[in-house]
Amino acid sequence: MAQRVKARTGGSLVAETLEAIGAEVAFGVPGIHALAIWDGLRTSPVRAVGLRTELDAGFAADGYARASGRPAPLLLSTGPGALISLAALMEAASAHVPVVAISSQIPSDLIGRGRGFLHELPDQQASFAPIVKWAARAASANEIPGLVAEAWRQALTPPSGPVYLEIPVDVLAGETD
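Residues numbered from 1 in each chain as written. Predicted model: local features only at pLDDT ≥ 70, side-chain atom pairs only at ≥ 80, totals over all residues. Heavy atoms only, no water.

Draft legend 1. Here's a closer look at a nonpolar patch on the surface. Among the surface-exposed residues, Ile-32, Leu-35 and Leu-118 lie close enough to one another that they form a single nonpolar patch of about 280 Å² accessible area. Its place among the elements puts Ile-32 in the loop between strand S1 (25-28) and helix H2 (35-41). Under the relative-accessibility criterion, Ile-32 is labelled exposed at 54%. (Patch = residues over 30% accessible without salt bridge, like charges linked within 9 Å, V, L, I, M, F, W, Y side chains within 5 Å. Areas by Shrake-Rupley, 256 points an atom, 1.4 Å probe, with all protein chains shown as cover. Salt bridge = Lys/Arg side-chain N within 4 Å of Asp/Glu carboxyl O. Helix = DSSP H or I, 4+ residues; strand = E, 2+ residues; numbered from the N terminus. Buried < 20%, exposed > 50% of the residue type's maximum accessible area, 1.4 Å probe, protein only.)

Draft legend 2. Structural detail: the sheet that holds S1. The strand order across the open sheet formed by six strands is S2-S1-S3-S4-S6-S5, and the pairing between neighbours is parallel. A strand with exactly one partner marks an edge of an open sheet, and here the two such strands are strand S2 (47-50) and strand S5 (135-137). Recorded for the sheet is a direction-independent mean angle of 20 degrees between the axes of neighbouring strands. The sheet contact formed by S5 and strand S6 (residues 163-168) spans three bridges and is parallel. Bridge pairing in S6 links Arg-137 to Glu-166. Lying over the sheet, helix H7 (residues 144-156) contacts strand S3 (72-76), strand S4 (99-105), S5 and S6, oriented at roughly 165 degrees with respect to S6. (Pairing = 2+ DSSP bridges. Axes fitted to C-alpha atoms, helices over the stretch in contact; angles between N-to-C directions. Contact = heavy atoms within 4.5 Å.)

Laid out in structure tokens, this is it:
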């Protein structure tokens, strides 16, 4: 029986870009809004390491970056999942460890509207801004490769440290060329 060919999504672009910039492993917790990234990693040589909590994943990414001398991708889900990683990112910031946090976000058209969407925060990116050295949001799938590469570059730019990129769930799950 022939299998249906899966369409390329924003999540696939995240995985492909991580591979292209040289990531070997990514740490995180597969949350409902971030599943498109994890699905993209299924066919990628980038090894996905799932942990029980985002705090564990954040410290695992920190440890990997310290031991390897390479940036460590940290994959986060929206809202509470993302916020749980802040203690680990704060440690990475104080020690100048290059962790590249990539988080999902609620759908683009609901950001900042206070509609009570699952895991919605008033301003998720603002929660990270005082801790990380660079923060951004992808507004479209076309922006994903450039922003992931820029996050990687920013994490390595002296003084190195953690960075944050959020991508709305509709952008992650949406089809793209």
